[in-house]
Amino acid sequence: MKLEIKNFAAIAQATIECNGLTVIAGENDTGKSTSGQLIFSIVKALSKYEQTSGSEDKIKTSLQFIYETLSNGFENPTEDYLKRIELFQVNTFFEKIKDLKGHDLKVFFVNTRIITKSIAIELVDFFGDSNNNNKIDNLSINLLYTNLETIEKLVSKKEKNTTENLKKGFQRVLASEFKMEVSPKNSKAQTEVTWKEGSETRLEVKIKNDEITAFNFYEKSLSFDDVTFIESPIILQLFEIIDYADTFFDIANVEDKNERISRFGRPKVSLHIKDLMNKLKNAPLFRGEKMSKISLTSENIQKIINGGLDFSQGDSDFVFAKATSRNKSFSFKSINTASGIKAFGLIQLLLMSGIIDKKSLLVIDEPETHLHPKWQVEYARILVELVK
């Protein structure tokens, strides 16, 4: 992949080629972070158009409600029961539907409704026995059907990836990342951005006075289907603030006017910060789903930091479990965890969630910050492992 940039914010001209592990070096205030944010904006807006239109986030929210409700339905669920509800895990669900269209998609949802009804009947019977220690009520069961209907409508809805819609999505991401201040200051020069893969041009954008004047996208998708931007490990101790905060992008995608207005009062963060936090807090939901070479990298991180990072729903915080010589561990909340450990922990959580794979980009801003020179070398080794 090659990205050509002219007159974008502080960048007068640059050509960036991403091929495996790519390092962008330079003095402060020369546009290194800006380059990373621009790459994030392009991939997020184009490869994840349904996500940027809000559909995918709504589907994930509904899936998480269904899975958590069903998994908490019994005090001691059987292995067979847990296997049946695996369908509602986010990664599993999207893997099942990714190639389904038309009639096949309808059949899938018919079968899904049958499975849901069967499980709900079991829960109702269980709920009716006053001797059972249950964690579900009839209202929760009714909400199962409501959320399943929401998922079906969103999945079945055909999003038209027209140039105009893609342009709108890209503009919203730029607004969230840069507040649309992308034209160079004290200059009337035209901004130009070109994305190439091999010899083919995939995207051409021209911007004048912070307004997109030309937008041409020549393919239905990019070779990357997701991107994650890590700006600082400090994000881990700001969970409650970031989780409550909105992005301009989120607000723009709210259809109800009154709700949109009510959310104007929330604090705002960049889209890449909100995106990363959502991935990190949901990482435990996917634990054990992908066991491969990636798990070896995660084990190596565990050896380096002598423990593991996880998200605690009960504490609404990220917790570091530090191993001891007696096969025990001590837990430390994020604010009491060293910044260097948090830097490695971020990668650990992304590996746990299955976010990092061959079709995703990982952009890390100033990775050497917060790390002792010894750990800088270890961190570099982990990144090389991931590329391999």
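Below or above, wherever it landed, is the structure these notes cover. (Residues numbered from 1 in each chain as written. Predicted model: local features only at pLDDT ≥ 70, side-chain atom pairs only at ≥ 80, totals over all residues. Heavy atoms only, no water.)

**Observations regarding the overall build of the protein chain**
Here is step 1 of the chain: A count of helical and extended segments in the protein chain gives 15 helices and ten strands.
Here is step 2 of the chain: A total of 388 residues make up the protein chain; the buried ones form 43% of that total.
Here is step 3 of the chain: A sequence separation of at least 24 residues applies to 67% of the contacts in the protein chain between residues at least 6 apart. (Helix = DSSP H or I, 4+ residues; strand = E, 2+ residues; numbered from the N terminus. Buried < 20%, exposed > 50% of the residue type's maximum accessible area, 1.4 Å probe, protein only. Contact = heavy atoms within 4.5 Å.)

**Let's talk about the sheet that holds strand β1 (residues 2-8)**
Here is step 1 of the chain: As summarised here, the arrangement of the five strands in space is β2-β1-β3-β4-β5, forming an open sheet in which the pairing is antiparallel. Of all the strands in the sheet, just β2 (11-17) and β5 (211-217) have a single pairing partner and so form its edges. Looking at each pair of strands side by side, their axes are set apart by 5° on average, direction ignored.
Here is step 2 of the chain: Where strand β4 (residues 200-208) meets β5, six bridges bridge the pair, whose relative direction is antiparallel. (Pairing = 2+ DSSP bridges. Axes fitted to C-alpha atoms, helices over the stretch in contact; angles between N-to-C directions.)

**Focus on helix α8 (residues 163-178)**
Here is step 1 of the chain: Taking 1.5 Å per residue, 16 residues should reach 22 Å; α8 reaches 22 Å between its end C-alpha atoms and fits that length.
Here is step 2 of the chain: Among the residues of α8, those classed as buried are Leu 166, Lys 167, Gly 169, Phe 170, Val 173, Leu 174, Ala 175, Ser 176, Glu 177 and Phe 178.
Here is step 3 of the chain: A positive phi of about 55° marks Lys 179, the residue just after α8. (Expected span 1.5 Å × (residues − 1).)

**Here we look at the packing of aromatic side chains**
Here is step 1 of the chain: Using the criterion set out here, one finds ten aromatic pairs in the structure.
Here is step 2 of the chain: An angle of 65° between the planes, with centres 5.6 Å apart, marks the rings of Phe 93 and Phe 108 as edge-to-face. Separated by 15 residues along the polypeptide, Phe 93 in helix α5 (residues 90-97) and Phe 108 in helix α6 (residues 102-128) bring together distant segments of the chain. Neither Phe 93 nor Phe 108 differs from the other in exposure class; each is buried. (Phe/Tyr/Trp six-rings, centres within 6.5 Å; stacked < 30°, edge-to-face > 60°.)

**What about unusual backbone geometry?**
Here is step 1 of the chain: For Asn 306, which is not a glycine, the phi torsion comes out positive at approximately 60°.
Here is step 2 of the chain: Among the secondary structure elements, Asn 306 is positioned in the loop between α13 (293-305) and β7 (307-312).
Here is step 3 of the chain: For Asn 306, a relative accessible area of 36% corresponds to the partly exposed category.
Here is step 4 of the chain: At His 370, a position not held by glycine, the phi torsion is positive, near 75°.
Here is step 5 of the chain: Judged by its relative accessible area of 37%, His 370 is partly exposed.

**Some remarks on the side chain of Thr 112**
Here is step 1 of the chain: With respect to the secondary-structure elements, Thr 112 resides in helix α6.
Here is step 2 of the chain: Ignoring sequence-local partners within four residues, the contact set of Thr 112 consists of Leu 87, Phe 88 and Leu 148.

**Here we look at the environment of Thr 201**
Here is step 1 of the chain: Relative to the elements of secondary structure, Thr 201 occurs in strand β4.
Here is step 2 of the chain: In this structure the C-alpha to C-alpha distance between Thr 201 and Tyr 218, which are 17 residues apart in sequence, comes to 7.2 Å.
Here is step 3 of the chain: Look past the residues within four positions of Thr 201 in its chain and what remains in contact with it is Thr 194, Trp 195, Lys 196 and Tyr 218.

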